[in-house]
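Understanding the architecture of this molecule
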Amino acid sequence: MLPGKLCIGILEEDNPLKSYFRLKPLLVENEGKYLSFEGAERYPEEGCIRIVPDKNESSHFKARMRRMGRYCVLDLREHTGENDKIRPNKNYHGDETERNAHIVYSDVVREPAQDMIFEILPEGAVEGEWSGPAPGTPRLLDAQSLELWRYAAPGEEEGAGTIAPEGARLEQSELQFFHLSGFDGRDISIAIRMPGCMASVIGAPQTSARSEKPAPQSAEAPAPAEAERPAPAAKPAAEPEKPWISHDLPPQAPPRGKLSPLQQALAAQSGLNPRRNRSLQEIIEEKWRHSRVDQLGHPVPAKATGQPLESPLERALDALRGAWRIPEIHEQLIAAVAEMRDFALAVDERHRAASNSALRRELEDLEAERLKSLDELDRLRREKAALRETFKQEIRQEEAEALRDAVERTRAAREECAREQAAAEAAHQAADEARDAFAALSDGRFEEKLREFALTSRAARILAAPADAARAQEPVRMVAPTREEWLERARRALALEGLRPSETDAAELLVCAALGDSILLSGPAASDKRGYARSLARALGAMDAQRYAETGGTELPEKLRAASPLPAVLVIPEANGAPDARVERGLCGATENLIVASILAEGGAGFPVSAEALERGFFLRLEGEVSASPWKPVPTDAESFPPAALSQLRAALFSEMAELPVALERRLQKLRDALARHGVRLSRRTLDLMWRYCGAMLSLAKISAGEALDLAFARKALPCILAEAPVECLMEMEKLLSGMPHCLALLHAPLPIHI
């Protein structure tokens, strides 16, 4: 806010032909220091304010503004009102004719005090001629040595100005340095002496040459009485008035000899009724003029009279125009004016200034065009760089695709070569056996082998007869489902058990079965943990009596041991039911295609599980919610799937595993570093399983990388950490796992572990 403040700004004559000036506020005084002006948005469109002449200086407004130079002081300390000296500009319409939305009266725009503002001397400047535009201050300051230099403008002859050091220096504590933006984006570097280091920040007013007349001196000595008369009290200093206005002259009677009776009557009228015998148009114009003056808030001087005031400039112009209307005296008038002292030089200077102004505008237009061309060139360069980068990315992508195709063709060729080589070896072996059989026919070994085979097969039938009669097992046909078929089998298996058949749950069921031979199931009673284990067995095609079993012992059932290489599922209910129970302890003879699902009891119904048991497999805590569809019991003849080995499941899930994003790697490394600071380190096996878990889940389910890492950390790493981490680490876990809802939910769950 500028009202009530002392502001430092810069001046610009933005239209020399119409004598238009404007100022741009730069600094505002606050508590003995200058601060950068932050309220430029209140004065659109360029943060500038139009300067309009006050009624007391309409004649010398232009000369004073030009004499002031580049910098000015806007003194509003005695004007705190919003619309006191700064008001909205009625001529502002948002177009090119007027770009300043506010006006300020010229009586508060003052010249700064001497030795107040110094422009910074450019680096590398030496004594001698000055190159470039003239500085805005007559004295420059070396920012390094704080030495003052003086700039001398060129004289009447053409040439450049000069600079030279003065030998004087300023104190660092008295100065403030600023690097500001002036008009048209030009940078300004200045140093300003602080207000407390100066008697006044406003320079002394410069009076006009007409008012500087010597006082008349009398040749006679004053009378004794007059000499002893005390001097009148000094009147308070007032603002300089116009030199041609005098309030002490006696009224002069108008010459009556050359005027008509009507003119004599008008000239003799008093100031009490100045509108007597005047036309209607003159009265309207005077009323309008008085309304404008009253609106702007100008006071009427106490010594004002009804006599109209006319400046010498107006009288001279009227006389010159009247003389010029007579064609016969044109030459005499021109000769008389030409004989006036310095008139020709003033006219030439005015013409030169107009020419320089036009040339300056042309140069500014050329500079604007040059800057616009440079900006366009920079834009084209940026677009060129962007296109080049796009082409590089496309080339890299094409090369990567070509490399993947080449690798795929190479792998297929190697597999085909391996198959051909195996077929060739089988053919060689068959040929060797054929040759051996042919030789056996000739030397009698064939009859001996035949007798041995008959005896062996007879004994095998006798020994296996009871088991064959009890079981009557037939060979089972193995299948190799694709990734999509595996996912569909898991969905249907979950649906048959009344669980949620979502894509994420189905994918997690398959990934946990493929990555580990042990799954720990926990949750409330309504979560149906046995149904989840049966869903896993149903998806693997192991729901018959030979490959699915529920046992509370520590020995592997004989029927599951004999089921290898077919997939089998063993369910251990209440695996933590005893205080000395060890989950899956003593399960000997486990096969490659066997998955053990241990059901853990929570709260007081079960005993804590050790970190070693949790580290063996994946920990799944099931929720108590059920499917939204109506409940139906599982039919006894529910759909079953052909069995498929776990090796086929692993091949389908991990053959084309998705590449992990860089953000996921960084998040995992951040978690490792945070845990290591508390003395908790993850094993290599845990990290490998979480890595493969994330890659498989990103390929199967439509989840984000962050959710995949959240699920992997909650299923594999977090239970072990909660079972063995120190208390200090557990207190920081909620902060470390911010943004991971599955892990945060596991922190507040009643887990069967010691925390």
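What counts and what doesn't
- Residues numbered from 1 in each chain as written.
- Predicted model: local features only at pLDDT ≥ 70, side-chain atom pairs only at ≥ 80, totals over all residues.
- Heavy atoms only, no water.
- Salt bridge = Lys/Arg side-chain N within 4 Å of Asp/Glu carboxyl O.
- Helix = DSSP H or I, 4+ residues; strand = E, 2+ residues; numbered from the N terminus.
- Buried < 20%, exposed > 50% of the residue type's maximum accessible area, 1.4 Å probe, protein only.
- Phe/Tyr/Trp six-rings, centres within 6.5 Å; stacked < 30°, edge-to-face > 60°.
- Lys NZ or Arg CZ within 6 Å of the ring centre and 35° of its normal.
- Axes fitted to C-alpha atoms, helices over the stretch in contact; angles between N-to-C directions.
- Parallel < 35°, antiparallel > 145°, perpendicular 65-115°, else oblique.
- Contact = heavy atoms within 4.5 Å.
- Nonpolar A, V, L, I, M, F, W, Y, C, P; charged D, E, K, R; others polar.
- Pairing = 2+ DSSP bridges.
- Expected span 1.5 Å × (residues − 1).
- Polar contact = N/O pair within 3.5 Å; in protein donor to acceptor, adjacent residues only side chain to side chain.
- Core = buried A, V, L, I, M, F, W, Y, C linked by side-chain atoms within 4.5 Å.

1. Digging into the pattern of salt bridges
According to the stated counting rule, one finds 36 salt bridges in the structure shown. With a shortest N-O distance of 2.6 Å, Arg70 and Glu119 are connected by a salt bridge. Residue Arg70 is located in the loop between α1 (61-68) and β5 (71-75), and its partner Glu119 is located in strand β9 (residues 117-120); the two are separated by 49 residues in the primary sequence. Classification of Glu119 as buried rests on a relative accessible area of 10%. Between Asp544 and Arg547 there is a salt bridge, and its shortest N-O distance comes to 2.7 Å. For Asp544, a relative accessible area of 29% corresponds to the partly exposed category.

2. Some remarks on the packing of aromatic side chains
On inspection of all chains with the given rule, the structure shows four aromatic pairs. For the pair Phe618 and Tyr693, a centre-to-centre distance of 6.0 Å together with 25° between the ring planes defines the contact as stacked. Taken together, the positions of Phe618 in strand β20 (residues 618-621) and Tyr693 in helix α16 (residues 684-700) put the pair 75 residues apart, joining distant regions of the chain. Of the residues examined, Tyr693 reaches a relative accessible area of 0% and is grouped as buried. The ring of Phe654 carries Arg692 above its face, with NZ or CZ at 4.3 Å from the centroid. The ring of Phe618 is capped by Lys716, whose NZ or CZ atom sits 5.5 Å from the centre of that ring.

3. Some details on the packing of helix α9 (residues 483-496) against helix α10 (residues 503-515)
It is the contact of α9 with α10, at a shortest axis distance of 9 Å, that shows an interaxial angle of 110°. Our classification of the angle between α9 and α10 gives roughly perpendicular. Residues Trp486, Leu487, Ala490, Arg491 and Leu494 of α9 lie in contact with α10, whose contacting residues are Glu503, Asp505, Ala506, Ala507, Leu509 and Leu510. Residues that form the contact of α9 with α10 fall into these classes: eight nonpolar, no polar and three charged.

4. As for unusual backbone geometry
Even without being glycine, Asp115 reaches a positive phi, approximately 60°. Backbone geometry places Leu146, a non-glycine residue, at a positive phi of 60°. Looking at the secondary structure, you find Leu146 in the loop between β11 (139-141) and β12 (147-152).

5. A closer look at the sheet that holds strand β15 (residues 187-193)
What the seven strands build is an open sheet, ordered β10-β13-β12-β11-β9-β15-β14; its pairing is mixed. Each of the sheet's edge strands pairs with one partner strand only, and the pair in question is β10 (128-129) and β14 (175-181). Pairing analysis gives three bridges linking β9 to β15, with the strands arranged antiparallel. Looking across to β15, one finds that Ile117 is bridged to Ile192.

6. A few points about the sheet that holds strand β18 (residues 568-572)
In spatial order, the strands read β17-β18-β19-β16-β20; together these five strands make up an open sheet with parallel pairing. In this open sheet, the two strands that pair with only one neighbour each are β17 (548-550) and β20. Going across the sheet, the axis of each strand differs from the next one's by a mean of 20°, ignoring polarity. Bridging between strand β16 (residues 518-522) and β20 involves four bridges; their strand directions are parallel. Paired with Ser522 across the strands is Arg621, a residue of β20.

7. Brief notes about the packing of helix α5 (residues 312-324) against helix α6 (residues 330-338)
Between two packed helices, both the angle of their axes relative to each other and the distance between the axes serve to describe the pair. Between α5 and α6, the least distance of the axes is 9 Å, while the angle of their chain directions is 145°. Here Leu320, Ala323 and Trp324 of α5 come into contact with α6, specifically with His330, Leu333 and Ile334. Class assignment for the residues of the contact of α5 with α6 results in five nonpolar, one polar and no charged.

8. Points about the pairing of strand β2 (residues 20-30)
In terms of burial, β2 is largely enclosed, as eight of its 11 residues are buried. Here seven bridges tie strand β1 (residues 6-15) to β2, and the two strands are oriented antiparallel to one another. Bridging across to β2, Leu11 finds its partner in Leu23. Counted along the chain from β1 to the antiparallel partner β2, the turn is four residues long, and its residue Ser19 has a positive phi close to 55°. Bridge analysis of β2 against strand β3 (residues 33-36) gives four bridges, and the strand direction is antiparallel. Looking at the pairing, Glu29 lines up with Tyr34 of β3. Between β2 and the antiparallel strand that follows it, β3, lie two residues; Glu31 among them carries a positive phi value of about 55°.

9. Topic: helix α11 (residues 529-540)
Residues spaced three or four apart along an α-helix face the same direction, because each turn holds 3.6 residues. With 12 residues, α11 extends 17 Å from end C-alpha to end C-alpha; this agrees with the ideal 16 Å at 1.5 Å per step. Where burial is concerned, most of α11 is hidden: 10 out of the 12 residues are buried. Within the sequence span of α11, burial applies to Lys529, Gly531, Tyr532, Ala533, Ser535, Leu536, Ala537, Arg538, Ala539 and Leu540. The residue sitting at the N-terminus of α11 and contributing the capping side-chain oxygen is Asp528; that oxygen lies 2.9 Å from the backbone nitrogen of Gly531. Where α11 ends, the next residue or the one after it, Gly541, has phi of about 75°, a positive value.

10. Structural notes on the pairing of β15
The buried fraction of β15 amounts to five of the seven residues, a majority that puts the element mostly inside the structure. Sheet topology note: the β14/β15 ladder contains seven bridges and is antiparallel. Bridging across to β15, Phe178 finds its partner in Ile190. The turn linking β14 back onto β15 is made up of five residues, and Asp184 within it adopts a positive phi angle of 55°.

11. Description of the nonpolar core
Leu649, Leu675, Tyr693, Phe713 and Ile721 are the most contacted members of the largest nonpolar core, which has 91 residues in total. The element that contributes the greatest number of residues to this core is helix α17 (residues 705-724), accounting for 11 residues. Not counting residues up to four positions away in its chain, the partners in contact with Ile721 are Leu675, Val680, Leu682, Phe713, Leu730 and Met733. Judged by nonpolar contacts, the second largest core, of 21 residues, contains Ile8, Leu26, Tyr34 and Ile117.

12. Some remarks on the side chain of Glu602
Structurally, Glu602 is set in the loop between β19 (594-599) and α13 (611-616). Classification of Glu602 by relative accessible area gives buried; the value is 14%. At 2.9 Å, the side chain of Glu602 and the side chain of Arg621 are in polar contact. If sequence neighbours within four positions are ignored, Glu602 has contacts with Ser522, Gly523, Pro524, Arg621, Pro750 and Pro752.

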